[in-house]
Amino acid sequence: MLYGPPGTGKTWLALRYVKDATGEDVPGNRWEFITFHQSYSYEEFIEGFRPKTENGQITYVIEDGIFKKLALRAILEAIKDKGLLTEDEIRELEDYLRNDSTDYSRYSKLKQKLWNALLSLSKEERGELFKDAPSFYLIIDEINRGNISRIFGELITLLERDKRLGQENKFIVTLPYSREPFGVPPNLYIIGTMNTADRSIALIDIALRRRFAFIEIEPEQEKLKGTIIEGIDLGKLLESLNKKIEALKDRDHRIGHSYFININTREELHRVWYQEIIPLLQEYFYNDWESLKFILGTSSKKRKSKHHSVRGQFTG
């Protein structure tokens, strides 16, 4: 779990890591990318009913969500050339998992055959299946914006390392909609990003916290070292800004260095300052004008231009 203030490059780091690990620049094969939000549900993540129109009639079918499909793809990659399914069956099932299935009956039968084959193996044999299996990744951006306990459901238990397929205490559940068996393979990894300014990590479900390693991503003014725009040192500007925010608010609401990355002109700095930084600070210190005045500083000189001076706001 990569957590930290906005603008610290959490999403960029997650994407770079996964692209390097898989050698794939776009999702759809060995990695996927999703963003949680308040309306995101278990039905989208694992499985749920979806309306389907056929000959003018609306029926409801059970469709697999992104996590379930990725888990099955990771399992299929691990069992290739192991004789559990034929090459044609694996190819057909992979096609269903990468595209919206239309033949639900055939898709369901193939999944059942896959799970029957897995369940027929001993714990040791299942462990060998995944020993050298390629890794698959799911990046969940803004993970703390969703109702995590509801979205993950029974997966909170399945995510534990020793309860994954082939592990010491492997755990296989029966899913509530499809009544299919399901377990999480050990070659599937979840990388979450968490904006601490949106919601403190202290509010995250304890059960989920125990299943993730938390890595703090902090603002790095060093990345702006030597970047000076018309006498304004961006590294020192960010450092000064964050010291004041931390003194009045907390460290979770600091501002990340990525806001100032690739700024080369005064016009670009002006746009970022007035269109991104100040609106963010106004949200942090809503109706607290004294704090905002302290954070931004004041200029003793009257501005002659319609463009306010960024430098002047840090001389007070």
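Since the model is a prediction, treat every value here as computed from it, not as a measurement. (Residues numbered from 1 in each chain as written. Predicted model: local features only at pLDDT ≥ 70, side-chain atom pairs only at ≥ 80, totals over all residues. Heavy atoms only, no water.)

Engineer: Kindly report on the side chain of H257, identifying the contributing residues and their values.
Structural biologist: With respect to the helices and strands, the residue H257 is situated in the loop between α10 (234–248) and α11 (266–284). In this structure H257 comes out as buried when scored by relative accessible area, which is 6%. In terms of polar contacts, H257 uses its side chain to reach the backbone amide nitrogen of E220, at 3.0 Å. Ignoring any residue separated from it by four or fewer positions in sequence, one finds H257 in contact with G7, T8, E218, P219, E220, K223, L224 and L238. (Helix = DSSP H or I, 4+ residues; strand = E, 2+ residues; numbered from the N terminus. Buried < 20%, exposed > 50% of the residue type's maximum accessible area, 1.4 Å probe, protein only. Polar contact = N/O pair within 3.5 Å; in protein donor to acceptor, adjacent residues only side chain to side chain. Contact = heavy atoms within 4.5 Å.)

Engineer: With reference to specific residues and values, describe the nonpolar core.
Structural biologist: In this structure, F45, F67, I79, F152 and F182 are the most contacted members of the largest nonpolar core, which totals 55 residues. Elements represented by at least two residues in this core include exactly α2 (42–45), α3 (66–79), α4 (87–98), α5 (104–119), β5 (136–141), α7 (148–152), α8 (155–158) and β8 (188–195). Top element by residues in this core is α3. It accounts for 9 residues. Here F182 is in contact with F67, K68, A71, W115, L155, L158, F171, I172, V173 and L175, once residues within four sequence places are set aside. (Core = buried A, V, L, I, M, F, W, Y, C linked by side-chain atoms within 4.5 Å.)

Engineer: Let's hear about α4: which residues, and what values?
Structural biologist: Taking 1.5 Å as the rise per residue, α4 with 12 residues should run 16 Å; its terminal C-alpha atoms sit 17 Å apart, in good agreement. Burial in α4 covers these residues: E89, I90, L93, E94, Y96 and L97. For α4, the arc enclosing every buried residue in end-on projection is 160 degrees, short of the 170-degree limit, so these residues lie on one face. Exposed side chains of α4 directed beyond 90 degrees from the buried face belong to E87 and D88. The secondary structure elements touched by the buried residues of α4 are α3 and α5. (Expected span 1.5 Å × (residues − 1). Arc of directions from axis to C-beta.)

Engineer: Before we move on, can you summarise the sheet that holds strand β2 (residues 31–35) with the specific residues and values?
Structural biologist: Taken in spatial order, the 5 strands make up an open sheet running β2-β5-β8-β1-β9, and their pairing is parallel. Sheet topology places β2 and β9 (215–216) at the edges, where each strand pairs with a single neighbour. Where strand β1 (residues 2–4) meets β9, 2 bridges bridge the pair, whose relative direction is parallel. The residue bridging L2 from the neighbouring strand is I215, located in β9. (Pairing = 2+ DSSP bridges.)

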